[in-house]
Amino acid sequence: MGYSPPFGSGNPLMQNESPAREEYAPINWVTTILFTVTPLAALVFVPWYGITHGYSWAAVILFVLLQWAGGLAITAGYHRLWSHRTYNAHWTARLFFMLFGAMSLQNSILIWSSQHRTHHRFVDDVDKDPYSARRGFWFSHMGWILRDYPSGVNDFSNARDLERDPMVMFQHRYYLPLTLFMNIAFPLLLGWAVGDVWGVFLLAGLLRLVLNHHCTWFINSLAHMWGSQPYTDENTARDNGVLAFFTFGEGYHNFHHIFQNDYRNGVRWWQWDPTKWLINALSAMGLADNLKTVPDLWIQRAQIAMQFKRMEAALEKRRARGTDEQIERFKARVGEEYAAFRRALEEWSKLRDQWVTDRKQRLLQRWEETTLRSRMREIEHSLRVQRRRLQVMTKAYA
Ligand SMILES: [Zn+2]
Ligand SMILES: [Zn+2]
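Source: prediction; values computed, not measured. (Residues numbered from 1 in each chain as written. Chains lettered and ligands numbered in written order. Predicted model: local features only at pLDDT ≥ 70, side-chain atom pairs only at ≥ 80, totals over all residues. Heavy atoms only, no water.)

Attention now moves to the domain arrangement of the chain. Note on interface size: it is often stated as the accessible area lost on association of the parts. Domain parsing of the chain yields domain 1 (22-289) and domain 2 (297-397). The distance between the C-alpha centroids of domain 1 and domain 2 comes to 37 Å. Facing twelve residues of domain 1, the contacting portion of domain 2 comprises seven residues. A buried area of about 730 Å², summed over both sides, lies between domain 1 and domain 2, and 58% of it is on carbon and sulfur atoms. Looking only at domain 1, the three residues that lose the most surface to domain 2 are Tyr 231, Asp 233 and Phe 259, adding up to 49% of its buried area. Joining domain 1 to domain 2, the criterion identifies two salt bridges. Joining domain 1 to domain 2, the criterion identifies three residue pairs in polar contact (both at pLDDT 80 or more). Here the residues of the side of domain 1 that touches domain 2 sort into six nonpolar, two polar and four charged. (Domains from an automatic or database assignment. Contact = heavy atoms within 4.5 Å. Buried area = accessible area lost by both parts, 1.4 Å probe. Salt bridge = Lys/Arg side-chain N within 4 Å of Asp/Glu carboxyl O. Polar contact = N/O pair within 3.5 Å; in protein donor to acceptor, adjacent residues only side chain to side chain. Nonpolar A, V, L, I, M, F, W, Y, C, P; charged D, E, K, R; others polar.)

Attention now goes to the coordination of the zinc ion (ligand 2). The coordination sphere of the zinc ion (ligand 2) contains the protein donors His 119 (NE2), His 224 (NE2), His 253 (NE2) and His 257 (NE2), at a distance range of 2.1 to 2.2 Å. Taken together, the four donor atoms coordinating the zinc ion (ligand 2) span angles of 94 to 160 degrees at the metal, a pattern that classifies the geometry as irregular. Of note, the zinc ion (ligand 2) draws all its donor residues from one chain, in the sequence arrangement H-x104-H-x28-H-x3-H. Taken together, the residues His 224 in the loop between helix H10 (197-220) and helix H11 (241-246) and His 257 in helix H12 (residues 253-258) connect sequence positions 33 residues apart. His 257 gets classed as buried once you look at its relative accessible area, which sits at 9%. (Donors = N, O, S within 2.8 Å, 3.2 Å for Na, K, Ca; no water. Tetrahedral: all angles 85-135°; square planar, octahedral: opposite > 155°, others 65-115°. Helix = DSSP H or I, 4+ residues; strand = E, 2+ residues; numbered from the N terminus. Buried < 20%, exposed > 50% of the residue type's maximum accessible area, 1.4 Å probe, protein only.)

Ideal values differ by geometry: the angle at a metal is 109.5 degrees with four tetrahedral donors, but 90 or 180 degrees with six octahedral donors. Within the protein, His 79 (NE2), His 84 (NE2), His 116 (NE2), His 120 (NE2) and His 256 (NE2) serve as the donor atoms for the zinc ion (ligand 1), at 2.0 to 2.2 Å. Site description for the zinc ion (ligand 1): donor spacing in sequence, H-x4-H-x31-H-x3-H-x135-H. Taken together, the residues span a long stretch of sequence, with His 79 in helix H3 (residues 57-83) and His 116 in helix H5 (residues 109-121) at a distance of 37 residues. Accessibility expressed as a relative area gives 2% for His 79, which makes it buried.

Next up on the list: helix H8 (residues 166-173). All of the buried residues along H8 are Met 167, Val 168, Met 169 and Gln 171. Packed against the buried residues of H8 are H3, helix H4 (91-103), H5, helix H7 (160-163) and helix H9 (175-194).

Once that is clear, we can look at the pattern of salt bridges. Within the structure shown, the criterion is met by 13 salt bridges. The salt bridge partner of Arg 160 is Glu 163, with a shortest N-O separation of 2.7 Å. Of this pair, Arg 160 and Glu 163 both sit in helix H7, three residues apart, roughly one helical turn. With a relative accessible area of 43%, Arg 160 lands in the partly exposed category. The exposure class assigned to Glu 163 is partly exposed, which follows from its relative accessible area of 29%. A salt bridge links Arg 264 to Asp 262; the nearest nitrogen and oxygen atoms lie 2.7 Å apart. Here Arg 264 matches Asp 262 in class, with each residue buried. Several salt bridges share partner residues, and in doing so they unite Arg 80, Glu 250 and Asp 273 into one network.

Turning to the environment of Gln 260, a few remarks are in order. Its place among the elements puts Gln 260 in the loop between H12 and helix H13 (274-284). Residue Gln 260 is classed as partly exposed on the basis of its relative accessible area of 27%. Sequence-wise, Gln 260 and Lys 292 are 32 residues apart; in three dimensions their C-alpha atoms are separated by 10.0 Å. Residues contacting Gln 260, with those up to four places away along its chain left out, are His 84, Thr 86 and His 120. At a separation of 3.1 Å, a polar atom in the side chain of Gln 260 contacts the side chain of His 84.

Turning our attention to the packing of aromatic side chains. For any pair of aromatic rings, the description consists of the separation of the ring centres together with the inter-plane angle of the planes. Summed over all chains, the structure comprises 22 aromatic pairs. For the ring pair Tyr 131 and Trp 144, a centre distance of 4.6 Å and an interplane angle of 55 degrees mean the geometry is tilted. With Tyr 131 in the loop between H5 and helix H6 (137-146) and Trp 144 in helix H6, this residue pair connects regions lying 13 residues apart in the sequence. Ring geometry for Phe 139 versus Tyr 149: centroids 4.9 Å apart, planes at 75 degrees, classification edge-to-face. Taken together, the positions of Phe 139 in helix H6 and Tyr 149 in the loop between H6 and H7 put the pair ten residues apart, joining distant regions of the chain. (Phe/Tyr/Trp six-rings, centres within 6.5 Å; stacked < 30°, edge-to-face > 60°.)

Further remarks concern empty space enclosed by the protein. Gaps between atoms show up when a probe of the same size as a water molecule is rolled over them. Taken as a whole and assessed by the stated rule, the structure comprises one cavity of 30 Å³ or more. When residues of the lining of the largest cavity are traced back to their parent elements, those giving at least two are helix H2 (29-52) and H10. Counting residues per element, the lining of the largest cavity draws most heavily on H10, which supplies four residues. Residues that form the lining of the largest cavity fall into these classes: four nonpolar, three polar and no charged. (1 Å grid on protein atoms, 1.4 Å probe; cavity = no way out; pocket = protein on both sides within 12 Å on 5 of 7 lines; lining within 4 Å. Points joined across faces, edges and corners; volume = space filled by probe spheres on them.)

Right, here's the structure in full:
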């Protein structure tokens, strides 16, 4: 969890920008045909059927339900459960995620999670990140799926835990029949049950699938290009509330890339993150446990470290047009603030260590624990105040 000192050397990643790779990559005809035909078919047949026949309410409701089931199976299942292990889920929840994840037609849990772990480990690397945003919008959105790039070769050495999971391996082995059943037979059966076979098939089957694909892919493309970077600028990931709305909370991608072990992506209570709410609900029902969160202070620390970087940029601007005296004053203020920041972090870490070891050894009296905890909370509060002060300072000086 790095925070760089003010007036540091900048971000080495940014200085090494390589151009997109010209490499030999054969077209993958299965994915190319599939991901060309499905959106075209949706574009033509969905409105045509609506105009000529109209859709039943049942078809519309099933469309919404399956949209949420398929979307959440990817975000809560494939992503936060299997790729990042941010919580444990009861087998009934895992079965649901496994089946509806297959319905989303984004490959098996094993392949998806392994690639996603590689994405986090080598984020932005043009050779190793399977959907590196540095190779452009098209590549990171869906180009990476349409050709067999060297960066997309499966290597399950980072997913041994998943290879030991019987449900994951069952889905991997029977992926084709499962995905065909969930995408064709299942919507047709639902349509037959409500008396609108083609309406349900087109809305809850086809349109749902196409929308789910592109919303998920936006996380690899747009969420690495458009939005804010409140927690880190060491990679291209962004926080974007608009994207979060369409992706069940996954749009808070800047937070996610720095704290990938946290089950939340939208960390604030008001941030739109239905995946987080689903995991909370599962936990309340006893179907999920061991929900992992990072300490609040780490989040504060990341945000303040980013503010120091912004102040540095403001100082650069000042240098161009300010007087020496003004610059010196500003520099002194930043230095003071940074020293206070370091002192607060050090004290907090010491208190936390003491709290953890004493708790382990059961040495702590109740009143001592209360004192320790309340001092830690005081420091957390002082950092929140500092964060606001830095915001004002940056604005005033920039
Ligand atoms: Zn992730
Ligand atoms: Zn990412």
